[in-house]
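Residue strings, one per chain:
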Amino acid sequence: MRRFILVAGLILAALPFAAEAAQAPVPALPNVSPSTPLINLQGQQTSGQLSIPVDKSQLIHVDQSFGEISVGNKDIADVVPLSRNLIYVLGKKRGATNLTISDQAGNIISVVDVLVTFDSDALKRSLADVLPEEKIAIQPAGDALILSGQVSSPDRLRQVLAVAERYAPGAVTNLLSLGGSQQVLLQVRFAEVQRNALTDLGANFSFAYQKGTGNLALVTGQGTPLSAFGAITGQLADSRSYDLQASINALEKKGLVRTLASPNLIALSGDTASFLAGGQIPIPVAQTSGNNNIPVLTVEYKDFGVSLSFTPTVIGKEQINLEMNSEVSAIDPSLSVSTGTISIPGLKVRRAKTTIELKDGQSFSIAGLLQDDFQDGVSQLPGLGSIPILGALFRSTNFQHEQTELVVMITTHLVDPSVARSIASPTDAVVLPSPGALFGEGKTEQGANGGAAMQGSTNGFVLP
């Protein structure tokens, strides 16, 4: 009984101490997420490298028990032992340091280089979500991220760099290359049709009467211009008193003109290419020079012909953004200006400027113009010109109708270079004639096989 009471007293006395031990504070351990990456480290592994994003953690599992761990720079990374085999590493600031692991006897088990950098894994996941078809490699290098691989277009490249800048502002090294064709062939066709109809019908009368010292003269009508195609004239005169002359002129003119220009030009994506097939006309310009402001006549040159400039940008898979300026001009004498003894010719210009998007091989009509001009007029002698039927002899009638239709069409192609032997020119199939063929048969050229005309496997045309 005495022994039982002694044991019970000892138990009761120990209860307060157990309660105090249960309430004693326990050192807080890092909040380790189940998804925290785990690295298995083999013993005697030196100069290994561990990359950790800023404010993220990594677990290191060592294959043997360690007694001491130390980090070179605690401002860059923080380490906490979770057990004798597990180490928690937290990235605090971008930079590089090392982690030394020793056993209980002080022998070094392993040395690990710790690199705290940008979150490249999160960047990889973002790019995989936004651009899943692009193959991009991301590698930390010091205080920067290196992007390598290949993207399909300049527009995708801009998207990749924009996303990367969100994760590593001002620290992205771009080593990405562009894949696919970046050379754009532009085919432009200018088609213009002009129709005109002109009808002129006029009458000219001249009557003169003389009696003694007095005389009377009457002139009516202006008739058609001097280019009239047909004329009927007559004269009735008395050498002593009167003279009557009459002329009826008629002109009817019709015409059709079709013009077509087809320039082709190639440019690299993002660059501007220009083309001109035509010439230059001199234009005199008066300028002042010297202290007396004496005008001096200089000459400036104005381009005319078929001109084309465009800037293509490949923005996606077979998608092309195109900025284009096109112009077809020709000298028009009817628009000339004369100053003294100098005549300056005018230019008839058809111009188009636009920005469009289309795919490889697609065509687009970027400009269209239908111009319809109509003009008529009647000149007559008052009173007499209004008489039915006979009034036609006292009036001149003009009718003019002009129609112009212009269409500009473009086609784009993504092209690659080819070997020289696969490209033909218009002169490849032309052979100079022999003296017998030139003098005997009147041939100025002959084909490579003795034919008279060139059959085209080329991009040009030769008139027969």
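Residues numbered from 1 in each chain as written. Predicted model: local features only at pLDDT ≥ 70, side-chain atom pairs only at ≥ 80, totals over all residues. Heavy atoms only, no water.

A. Quick look at the pattern of salt bridges. On inspection of all chains with the given rule, the structure shows five salt bridges. The salt bridge partner of Arg 156 is Glu 133, with a shortest N-O separation of 2.1 Å. Here Arg 156 is found in helix α3 (residues 154-167), whereas its partner Glu 133 is found in the loop between α2 (120-130) and β9 (135-140), with 23 residues between them in sequence. On the basis of relative accessibility, which here comes to 21%, the residue Arg 156 falls in the partly exposed class. On the basis of relative accessible area, Glu 133 is assigned to the partly exposed category, the value being 46%. Measuring nitrogen to oxygen at the nearest pair gives 3.2 Å for the salt bridge that ties Lys 443 to Glu 441. The exposure class of Lys 443 is partly exposed, given its relative accessible area of 25%. For Glu 441, a relative accessible area of 54% gives the class exposed. Each of the salt bridges in this network shares a partner with another, and the network as a whole consists of Glu 133, Glu 134 and Arg 156. (Salt bridge = Lys/Arg side-chain N within 4 Å of Asp/Glu carboxyl O. Helix = DSSP H or I, 4+ residues; strand = E, 2+ residues; numbered from the N terminus. Buried < 20%, exposed > 50% of the residue type's maximum accessible area, 1.4 Å probe, protein only.)

B. Looking closely at unusual backbone geometry. Backbone geometry at Asp 55 places phi at a positive 65 degrees, although glycine is not the residue there. With respect to the helices and strands, Asp 55 occurs in the loop between β2 (46-53) and β3 (57-62).

C. Examining the side chain of Glu 327 more closely. Here Glu 327 is to be found in strand β19 (residues 319-339). Classification of Glu 327 by relative accessible area gives buried; the value is 15%. Dropping the residues within four chain positions of it, Glu 327 is found in contact with Phe 190, Gly 305, Val 306, Ser 307, Val 349, Arg 350 and Arg 351. (Contact = heavy atoms within 4.5 Å.)

D. Layout of the environment of Leu 176. By the secondary structure assignment, Leu 176 is in strand β11 (residues 172-178). The buried category is assigned to Leu 176, whose relative accessible area is 12%. Sequence-distant contacts of Leu 176, that is, excluding residues within four places in its chain, are made with Ile 136, Leu 147, Ser 148, Gly 149, Gln 150, Val 151, Leu 157 and Val 160.

E. Structural view of α2. Taken as a whole, α2 has its buried residues at Ser 120, Ala 122, Leu 123, Ser 126 and Leu 127. Down the axis of α2, the buried set is contained in an arc of 155 degrees. They therefore lie on one face. (Arc of directions from axis to C-beta.)

F. Quick look at the pairing of β9. Bridge count for β9 against strand β10 (residues 145-151) is six bridges, and the pairing is antiparallel. Residue pairing for β10: Ile 138 is matched across the bridge by Leu 147. The hairpin formed by β9 and β10 contains four residues between the paired strands, and Gly 142 there has a positive phi angle of roughly 65 degrees. (Pairing = 2+ DSSP bridges.)

G. Quick peek at the pairing of strand β5 (residues 77-81). Pairing geometry for β5 and strand β6 (residues 86-91), over five bridges, is antiparallel. Bridging across to β6, Pro 81 finds its partner in Ile 87. The loop that links β5 with its antiparallel partner β6 comprises four residues.

H. Summary view of the side chain of Glu 134. Locating Glu 134 in the fold gives a position in the loop between α2 and β9. At 3.1 Å, the side chain of Glu 134 forms a polar contact with the side chain of Arg 156. With sequence-adjacent residues up to four places away left out, Glu 134 is seen in contact with Gln 150, Val 151, Ser 152 and Arg 156. (Polar contact = N/O pair within 3.5 Å; in protein donor to acceptor, adjacent residues only side chain to side chain.)

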